Amino acid sequence: MGHAERHAAADFDADSWAARFTLLSDPTRLRIVAEMHAHPGSTVAELASAIGITENAASQSIRALRDQGWVRSEKVGRRVHYEVVGDAIVHRILHDIIGVGHITRGQGHDHAHP
């Protein structure tokens, strides 16, 4: 059993994990991911306003997050709405490590999941 544990630890993808943590090491990107997670479907303008940055800065951060596969977009008319991809790793980082909750209408922070 000890051998299997050592084998599993050696198999993890250090490069992939390092890329994830590098992406989150930028405070602006981290704030955008957290805000997008709490308010799925936000636009660039809404995200920028919520965290107090320019739309250009928000767009640059969103581009980096999309390139890594953490964010997806949906165009509705002229507006583009963004949300965090339903990735268990991103979800666990946001909830278990950082402690980000969901915002539900009229209920404030809600850490419960269905």
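For the structure itself, look to the data block above.
Because the structure is predicted, anything quoted here is derived from the model rather than measured.

### What to know about the pairing of strand E1 (residues 71-76)
Each regular strand carries side chains that alternate between the two faces of the sheet.
No. 1: Relative to strand E2 (residues 79-84), E1 runs antiparallel, the two being bridged by six bridges. Residue pairing for E2: lysine 75 is matched across the bridge by valine 80.
No. 2: Hairpin connection between E1 and E2: a loop of two residues separates the two successive antiparallel strands, and glycine 77 in this loop has a positive phi of roughly 65°.

### Re the packing of helix H3 (residues 27-38) against helix H5 (residues 55-67)
No. 1: The N-to-C vectors of H3 and H5 enclose an angle of 80°; their axes lie 9 Å apart at closest approach. Considered as vectors, H3 and H5 are oriented roughly perpendicular to each other. Across the interface between the two elements, Thr28, Arg29, Ile32, Val33 and Met36 from H3 touch Ala58, Ser61, Ile62, Ala64 and Leu65 from H5.
No. 2: In terms of residue class, the contact of H3 with H5 is made up of seven nonpolar, two polar and one charged.

### Some details on the packing of H3 against helix H4 (residues 44-51)
No. 1: Two elements in contact, H3 and H4, have axes separated by 10 Å at closest approach and are oriented at 115°. Here H4 runs roughly perpendicular to H3, going by the angle between their axes. H3 and H4 meet at a crossing whose hand is right-handed. For the pair H3 and H4, contact is made by Thr28, Arg31, Ile32, Glu35 and Met36 and by Leu47, Ala50 and Ile51, respectively.
No. 2: Residues of the contact of H3 with H4, tallied by class, amount to five nonpolar, one polar and two charged.

Rules behind the numbers
Residues numbered from 1 in each chain as written. Predicted model: local features only at pLDDT ≥ 70, side-chain atom pairs only at ≥ 80, totals over all residues. Heavy atoms only, no water. Pairing = 2+ DSSP bridges. Helix = DSSP H or I, 4+ residues; strand = E, 2+ residues; numbered from the N terminus. Axes fitted to C-alpha atoms, helices over the stretch in contact; angles between N-to-C directions. Parallel < 35°, antiparallel > 145°, perpendicular 65-115°, else oblique. Contact = heavy atoms within 4.5 Å. Nonpolar A, V, L, I, M, F, W, Y, C, P; charged D, E, K, R; others polar. Left-handed = near helix turned anticlockwise from the far one by under 90°.

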